[in-house]
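# Structure at a glance
Spelled out from the first residue to the last, the chains are:
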Amino acid sequence: MFIKKVVLKNFKSFGKKTEIPFIDGFVVISGPNGSGKSNIIDSILFCLGLTPSTKQLRADRLTDLIHNGKNEAEVTVVFQSGNKSYEVTRKVKITDKGYYSYYYLNGKSTNLSEIHKFLSQFGIYSDAYNVVMQGDVTRITEMSPLQRRKIIDDIAGISEFDEKREKRT
Ligand code: ATP
Ligand code: MG
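Quick look at the structure, then. (Residues numbered from 1 in each chain as written. Chains lettered and ligands numbered in written order. Predicted model: local features only at pLDDT ≥ 70, side-chain atom pairs only at ≥ 80, totals over all residues. Heavy atoms only, no water.)

Counting residues in each nonpolar core, the largest one holds 31 residues, and the members touching the most others are F46, L48, V75, V77, F79, V88 and L119. Looking at this core, the elements with two or more residues in it are β1 (2-9), α1 (37-47), β3 (72-81), β4 (84-95), β5 (98-105) and α2 (112-120). With five residues, α1 is the single largest residue contributor to this core. (Core = buried A, V, L, I, M, F, W, Y, C linked by side-chain atoms within 4.5 Å. Buried < 20%, exposed > 50% of the residue type's maximum accessible area, 1.4 Å probe, protein only. Helix = DSSP H or I, 4+ residues; strand = E, 2+ residues; numbered from the N terminus.)

This part takes up the site of ligand 1. Taken together, the neighbourhood of ligand 1 is formed by 15 residues, with G34, K37, S38, N39 and I66 sitting nearest. Within the contact set of ligand 1, an oxygen atom lies 3.0 Å away from a side-chain nitrogen or oxygen of N33. The contact in question runs from an oxygen atom of ligand 1 to an N or O atom on the side chain of K37, over 2.7 Å. Classifying every residue of the shell around ligand 1 gives two nonpolar, nine polar and four charged. (Near = heavy atom within 4 Å. Polar contact = N/O pair within 3.5 Å; in protein donor to acceptor, adjacent residues only side chain to side chain. Nonpolar A, V, L, I, M, F, W, Y, C, P; charged D, E, K, R; others polar.)

On to the sheet that holds β1, then. On the basis of which strands lie adjacent, the open sheet formed by six strands has the order β2-β1-β3-β4-β5-β6 and antiparallel pairing. At either margin of the open sheet sits one strand with a lone partner, and together these are β2 (18-21) and β6 (108-110). The sheet shows a mean angle of 20° between the axes of neighbouring strands, direction not considered. Sheet topology note: the β3/β4 ladder contains 10 bridges and is antiparallel. From the neighbouring strand, V75 faces β4, where its bridge partner is R90. (Pairing = 2+ DSSP bridges. Axes fitted to C-alpha atoms, helices over the stretch in contact; angles between N-to-C directions.)

Take the side chain of T51 next. Along the chain, T51 falls in the loop between α1 and β3. Looking at T51, the relative accessible area reads 17%, which means it is buried. Here T51 is in contact with L45, Q56 and L57, once residues within four sequence places are set aside. (Contact = heavy atoms within 4.5 Å.)

With that settled, the discussion passes to α1. Most of α1 is tucked away, with eight of its 11 residues classed as buried. Burial in α1 covers these residues: N39, I40, D42, S43, I44, L45, F46 and C47. Packing partners of the buried residues in α1 comprise β1, β2, β3, β4 and β5. Taken from the residues just after α1, G49 is the one with a positive phi, measuring 60°.

Of the strand pairs in this sheet, β1 and β3 are connected by seven bridges, and their pairing is antiparallel. Across the sheet, the residue bridging to K9 is E74, located in β3. Note that β1 and β2 share four bridges and pair antiparallel. Paired with V7 across the strands is E19, a residue of β2.

Take a look at the structure:
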């Protein structure tokens, strides 16, 4: 499974509808400082609801993700798995009553827990290491060996068994 495409509408610095194609394999995004590279990562995390806090999207509020002066932002992530393709969309909208966030799976309105359930079949979890953010590597190198071992156990799926064993005893 891989991300085939990301479509941004009024997300952060992307004031015009922008389609970013990806390929199956290693993809690098390069560009000058401030050109929006990190915003692309933020958009994927936002769309898939992978960060517990908007702070991790480098925004104080969800509405800060909307391109300046607009009242709605939308991101779609298109996955390709074999010959099937799947679409996750998230929208944040400002109305006169406040702001609202909406999720869609393959065009049908849904909620975050359904999105997470959908992603888990591909091994994508909000508390996993699918996404390594700036600073994470430094944090990991500065950890104690025991803390670092815990991360490896988490990734390898060993922690799950440790937890089950602890519950039993
Ligand atoms: P660097 O190489 O320094 O890491 P980058 O390519 O990762 O840069 P980003 O951090 O993705 O750049 O983009 C930063 C730009 O996004 C800033 O110019 C900022 O003003 C702009 N930006 C962030 N939020 C919004 C918004 N809501 N509306 C318009 N522009 C925004
Ligand atoms: Mg950056």
